[in-house]
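What follows is the residue order along each chain.
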Amino acid sequence: MRDLRWKFQMKVLVACEYSGVVREAFRALGHQAMSCDVIGTEIPGPHYKGDVRDVLDDGWDLLIAHPPCTFLSKASARWLYTSPGVIDVARYGKGKEAREFFMHLMNAPIPRICIENPTPLRVFDLPKHSQVVQPYEYGHPYSKRTLLWLKGLPKLQPTNVLTDFGPYLPSNTGGARRGEKATYTKIMTKKDRSRTFTGIAAAMADQWGVNQSTNTQEGT
């Protein structure tokens, strides 16, 4: 059993998570963690099925959020434009709504916040991210570039850096031209692609589940 004497119990809200991966990483260390999503949780445990905005004001110590990236991600650029230089107005509107939700989470009344998303499209003008993390830095033999926006938290530190790894997701058009192929070949659904890697979740719990008053190196 892990020694928890150096830790303190936190109230942790994991937003837009149905998998329960991050929630369970914090619960394993004795924290009061609850996930929230518009669908039910895959792993039984504390879970609010509904809009996370309903529970943002419930006195949380830490928010870790994975807001939908469908309309914000740089990977979706090909669908934003109907022709070179011409924006699809309907899709742009959905992107603006997604940005508003992202910023609502970023400005939540919670002292410690981490928001996770892939690289966003510049047109939506999100704040600059705090750091980039990769699965291969946390013991998984894959690359999958993920950005973190941090408030009141130190940057996440790698725990098990691997040198033998390959792309996790199937190659996009540009990647295919460069000869890239996905290392993980299982046919993945949208839900599969959005699950947090267990190594990253464990690092979040181990490093952020401590008394941050003793750690002044916060994300910017």
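Residues numbered from 1 in each chain as written. Predicted model: local features only at pLDDT ≥ 70, side-chain atom pairs only at ≥ 80, totals over all residues. Heavy atoms only, no water.

## What to know about the overall build of the protein
And step 1. Along the backbone of the protein there are six helices and eleven strands.
And step 2. Looking at the protein as a whole, 45% of its 220 residues qualify as buried.
And step 3. At a minimum sequence separation of 6, the contacts of the protein that also span at least 24 residues come to 62%.
And step 4. Carbon and sulfur atoms provide 53% of the accessible area of the protein, an area that totals close to 11,900 Å². (Helix = DSSP H or I, 4+ residues; strand = E, 2+ residues; numbered from the N terminus. Buried < 20%, exposed > 50% of the residue type's maximum accessible area, 1.4 Å probe, protein only. Contact = heavy atoms within 4.5 Å. Areas by Shrake-Rupley, 256 points an atom, 1.4 Å probe, with all protein chains shown as cover.)

## Regarding the state of the cysteines
And step 1. Inspection of every chain in the model, using the stated rule, returns zero disulfides.
And step 2. A disulfide-free cysteine, cysteine 16 has its sulfur positioned 6.9 Å from the sulfur of cysteine 36, the nearest such atom.
And step 3. The exposure class of cysteine 16 is buried, given its relative accessible area of 17%.
And step 4. In this structure cysteine 36 comes out as buried when scored by relative accessible area, which is 1%. (Disulfide = S-S within 2.5 Å.)

## Concerning the packing of aromatic side chains
Note on aromatic pairs: each is described by the distance of the centres and the angle between the planes.
And step 1. Applying the stated criterion across every chain, the model contains five aromatic pairs.
And step 2. Taking 5.0 Å as the distance between ring centres and 80° as the angle between the ring planes, the aromatic pair formed by phenylalanine 102 and tryptophan 149 counts as edge-to-face. One end of the pair, phenylalanine 102, is in helix H3 (residues 89-106); the other, tryptophan 149, is in strand E10 (residues 146-151), and 47 residues separate them in sequence.
And step 3. For phenylalanine 102, a relative accessible area of 0% gives the class buried.
And step 4. For the pair tyrosine 168 and phenylalanine 197, a centre-to-centre distance of 4.9 Å together with 70° between the ring planes defines the contact as edge-to-face. (Phe/Tyr/Trp six-rings, centres within 6.5 Å; stacked < 30°, edge-to-face > 60°.)

## Some remarks on the pairing of strand E4 (residues 62-65)
And step 1. Across the two faces of E4 the burial is the same, with Leu62 and Ile64 and Leu63 and Ala65 all buried.
And step 2. Examined bridge by bridge, strand E1 (residues 11-15) and E4 share four bridges and lie parallel to one another. Across the sheet, the residue bridging to valine 14 is isoleucine 64, located in E4. (Pairing = 2+ DSSP bridges.)

## Notes on a nonpolar patch on the surface
And step 1. There is a patch of nonpolar side chains on the surface, built from Tyr81, Ile87 and Val123 and spanning about 210 Å² of accessible area.
And step 2. If you trace the backbone, tyrosine 81 turns up in strand E5 (residues 81-83). (Patch = residues over 30% accessible without salt bridge, like charges linked within 9 Å, V, L, I, M, F, W, Y side chains within 5 Å. Salt bridge = Lys/Arg side-chain N within 4 Å of Asp/Glu carboxyl O.)

## Examining unusual backbone geometry
And step 1. Although it is not a glycine, cysteine 16 sits at a positive phi angle of roughly 60°.
And step 2. Mapped onto the secondary structure, cysteine 16 falls in the loop between E1 and helix H1 (21-27).

## Quick word on the side chain of serine 35
And step 1. Note that serine 35 resides in strand E2 (residues 32-37).
And step 2. Reaching out from serine 35, the side chain makes a polar contact with the side chain of histidine 47 at a distance of 2.7 Å.
And step 3. Leave out the neighbours within four places in its chain, and serine 35 touches Val14, Glu17, Arg23, Thr41, Pro46, His47 and Tyr48. (Polar contact = N/O pair within 3.5 Å; in protein donor to acceptor, adjacent residues only side chain to side chain.)

## Observations regarding helix H6 (residues 198-208)
The periodicity of an α-helix, 3.6 residues per turn, causes residues three or four places apart in sequence to face the same way.
And step 1. For H6, the complete set of buried residues consists of Gly199, Ile200, Ala201, Ala203, Met204, Ala205 and Trp208.
And step 2. Along its buried surface, H6 packs onto H1, E4, strand E7 (112-117), strand E8 (131-133) and E10.

## Thoughts on the confidence of the model for the protein
And step 1. Counting all residues, the mean pLDDT for the protein is 84, and 78% of those residues have values of 70 or more.
And step 2. Counting contacts from residues 1-6, a segment whose pLDDT is below 50, to residues more than four positions away or on other chains yields six contacts.
And step 3. Overall, residues 173-185 carries pLDDT values under 50, and its contacts beyond four positions in sequence, including any with other chains, amount to 18 contacts. (pLDDT = per-residue confidence, 0-100.)

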